[in-house]
Every structure is written in C-alpha cells, then in structure tokens.
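Chain residues, written in single-letter form:
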Amino acid sequence: LNKIWLYFGWTNQMLATIMLWIGALYLKHKKRCYIIALLPAIFMSTVCGTYFGYSELMCHQSLNVSVIIGIIIAALITICFFAFSKYFGKNNHAL
C-alpha cells in the first residue's frame with residue numbers, strides 16, 4: 001500500500017510538470033511572457049528526473065548520478081520545447 005502512494009506522488013508531480021510545459025508552450029505561441037512557466041517547468045523536470053534516478057522503485061542510483069540524470073532530462077526537454085515552439089510558430093493552427 002505504501003508503494004501506491006509513492007507512485008501517486010511521483011505521477012502527481014509529473015502531471016504538474018507536463019502542464020507547466022504545455023502552459024509555457026501556449027504562452028510562447030501567444031507571444032506572452034512564457035518565462036514564468038518555463039523556469040518552474042525546467043526546475044520540476046530536474047526534480048522529477050532526479051527522483052526517477054534516485055528512487056528505489058525506479059533506477060535506484062546514487063544521489064550524484066541521479067542529479068546528473070535529472071539535469072540531462074531537463075536539458076533534453078528544454079531543447080524539445082524550443083524545437084516545438086519553432087514548429088508551432090510556423091503553423092498557427094497547431095495550438
């Protein structure tokens with residue numbers, strides 16, 4: 001039963017992170033101040049990636065390796081964000 005709460009907590013944080021990324025993409029598409037959603041999205045991606053690497057339920061790595069995993073995941077998602085924002089900028093009907 002305790003493992004269910006661990007998965008629920010991680011899933012809840014991932015959902016919040018995904019919504020921050022979607023919100024940042026929407027704000028960038030509308031030419032608004034998207035940085036207010038982008039910075040928390042990057043931070044939350046790093047935190048969730050670190051938890052993914054550190055948790056006994058996931059990869060079970062050391063804290064140092066887990067932090068590196070979290071930073072790499074956040075960097076890759078940030079690169080994808082800017083790549084998709086260029087695509088959505090060309091196609092006005094995408095969002």
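All of these numbers come straight from a predicted model, not from anything done at the bench. (Residues numbered from 1 in each chain as written. Predicted model: local features only at pLDDT ≥ 70, side-chain atom pairs only at ≥ 80, totals over all residues. Heavy atoms only, no water.)

Trainee: Before we go on, may I ask you to explain the packing of helix α1 (residues 2-29) against helix α2 (residues 35-54) in this structure?
Mentor: Interaxial distance between α1 and α2 falls to 8 Å at its minimum, and their mutual angle equals 150 degrees. One way to sum up the angle between α1 and α2 is to call them roughly antiparallel. Our pair here, α1 against α2, has a crossing hand that is left-handed. In this structure, α1 contributes Leu6, Trp10, Gln13, Met14, Thr17, Leu20, Trp21, Gly23, Ala24 and Leu27 to the contact, and α2 contributes Ile36, Ala37, Leu38, Pro40, Ala41, Ile42, Met44, Ser45, Cys48, Tyr51 and Phe52. The residue inventory of the contact of α1 with α2, partitioned by class, reads 17 nonpolar, 4 polar and no charged. (Axes fitted to C-alpha atoms, helices over the stretch in contact; angles between N-to-C directions. Helix = DSSP H or I, 4+ residues; strand = E, 2+ residues; numbered from the N terminus. Parallel < 35°, antiparallel > 145°, perpendicular 65-115°, else oblique. Left-handed = near helix turned anticlockwise from the far one by under 90°. Contact = heavy atoms within 4.5 Å. Nonpolar A, V, L, I, M, F, W, Y, C, P; charged D, E, K, R; others polar.)

Trainee: Whenever I open this one, the environment of Ala24 confuses me. Can you help?
Mentor: Residue position: Ala24 is located in helix α1. As a C-alpha pair, Ala24 and Ile36 span 12 residues in sequence and 7.7 Å in three-dimensional space. The residues touching Ala24, leaving out its near neighbours within four places in the chain, are Tyr34, Ala37, Leu38 and Phe81.

Trainee: Where do I start with the environment of Ser66 in this structure?
Mentor: Mapped onto the secondary structure, Ser66 falls in helix α3 (residues 63-90). Residue class for Ser66 comes out buried when judged on its relative accessible area of 0%. Residues in contact with Ser66, not counting those within four places in the same chain, are Gly49, Thr50, Gly53, Tyr54 and Gln61. One polar contact links the side chain of Ser66 to the main-chain amide nitrogen of Tyr54, over a distance of 3.0 Å. (Buried < 20%, exposed > 50% of the residue type's maximum accessible area, 1.4 Å probe, protein only. Polar contact = N/O pair within 3.5 Å; in protein donor to acceptor, adjacent residues only side chain to side chain.)

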